[in-house]
Each structure stands twice: as C-alpha cells, then as structure tokens.
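Inside the fold
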Amino acid sequence: MLSQPLAEQSQHKSLFRLFLSAKNEVKLYTRNQSLTLKEVVSFDSKAPLPSSLELFITALASSYLLTLQKEAKKAKLSLGEMEAQLTCTLQNPLELLGVIGYEEEAEISAITGKLYLYTESDPLKLQSLCQKALEKSLIYRLLDQNRVSVSIEPHILCL
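Residues numbered from 1 in each chain as written. Predicted model: local features only at pLDDT ≥ 70, side-chain atom pairs only at ≥ 80, totals over all residues. Heavy atoms only, no water.

**Overview of the pairing of strand E2 (residues 26-30)**
Note: strand E1 (residues 17-20) against E2, four bridges, orientation antiparallel. Across the sheet, the residue bridging to Arg-17 is Tyr-29, located in E2. The turn linking E1 back onto E2 is made up of five residues, and Asn-24 within it adopts a positive phi angle of 60 degrees. Bridge count between E2 and strand E3 (residues 33-37): five bridges; the pairing is antiparallel. By the bridge assignment for E3, Val-26 is matched with Leu-37. (Pairing = 2+ DSSP bridges. Helix = DSSP H or I, 4+ residues; strand = E, 2+ residues; numbered from the N terminus.)

See below:
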C-alpha cells in the first residue's frame, strides 16, 4: 500500500483553450469539440448562440443529473428518464447592459427548479438520494451557499 497517493490518482487536469475573436465572440476548444459564445447573458429569446449563463446552468443541471444517475446505480435503484426545469434569478441585470446609474454588480442570487424522475424504485429512497447527489455534484459545490440559494425539488413519478 502506498503511503501517499500518486499525483495521477489524486488529481486530473483538463485543458481548455478559449479565444476572443475580432467579432467579440469567445471560441472554446476542448478535446474534439468547439463552442462559440457571444454574451455573458442574453436577454434575446432568439439569440443564435448560448450565453455564458446558459452554459453555467447547463453545467449545473447536467452535473446533478449525471451524479444522481451514478449514485442510483451504486445504490442499485433503477431510474427511468429525468427532466429538470431550472430558473435562474439574476440580481442587477441592467448593469450587464451598461445602463447608466446601475453600478451594483450583477450576480446570481437563486437557482430554483424541479426535477422529474420516472422510476420503479422506492420513492423514499430516491428522495434522499436526490439531495445526496446534489451535494456531491461538482458544479453545485462551486457555488457559495451564502450568496446563491439553490433549491431543486424532486418530483418522483412511479412507473
């Protein structure tokens, strides 16, 4: 048995390359994927590109769902389909638009939502597993719980 874990066992580094183009678009390159972003937050419902905020909420939701799937598998609980609907509350959004007189920094104050789970497993076991999975979610753990309120209510539908 090793007295100290090897660096390969205790950490992993991922490389992300990002470039800001002359068109004011950020290009992200990672592994064999690329993605283009143009806004931190878009208030245009027909914006052609995702915003940084949309990617962040997507990262949070996918981290939660995939962690829940993994934890359910470990607990030998079967899950069917899952669906999450999240709402992000942004304080001081006009600051992002550069509106004169709005100097206070924009920030996310709350993320709320519902998680719909379809299962044949015991709903009570899944209820506690949902909270455990949220707390183990990598992206969720990045949030300062004193600044951002996160509440995702599980709705378990038995098949």
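**Here we look at the packing of aromatic side chains**
Scanning the model with the defined rule gives one aromatic pair in all. Look at Phe-19 and Tyr-29: their rings are 5.9 Å apart centre to centre, the planes differ by 65 degrees, and that puts the pair in the edge-to-face class. Pair noted here: Phe-19 is in strand E1 and Tyr-29 is in strand E2, with a separation of 10 residues, a long-range link. For Arg-17, the ring lying beneath its charged end belongs to Tyr-29, and the centroid distance is 5.4 Å. (Phe/Tyr/Trp six-rings, centres within 6.5 Å; stacked < 30°, edge-to-face > 60°. Lys NZ or Arg CZ within 6 Å of the ring centre and 35° of its normal.)

**A few points about unusual backbone geometry**
Positive phi outside glycine occurs at Lys-76, with the angle close to 60 degrees. In this structure, Lys-76 sits in the loop between helix H2 (52-74) and strand E4 (79-91). Under the relative-accessibility criterion, Lys-76 is labelled exposed at 74%. The phi torsion at Asn-92 lies on the positive side, around 60 degrees, for a residue other than glycine. Position of Asn-92 relative to the elements: it lies in the loop between E4 and helix H3 (93-96). (Buried < 20%, exposed > 50% of the residue type's maximum accessible area, 1.4 Å probe, protein only.)

Function cannot be read off these values alone, since they describe shape.
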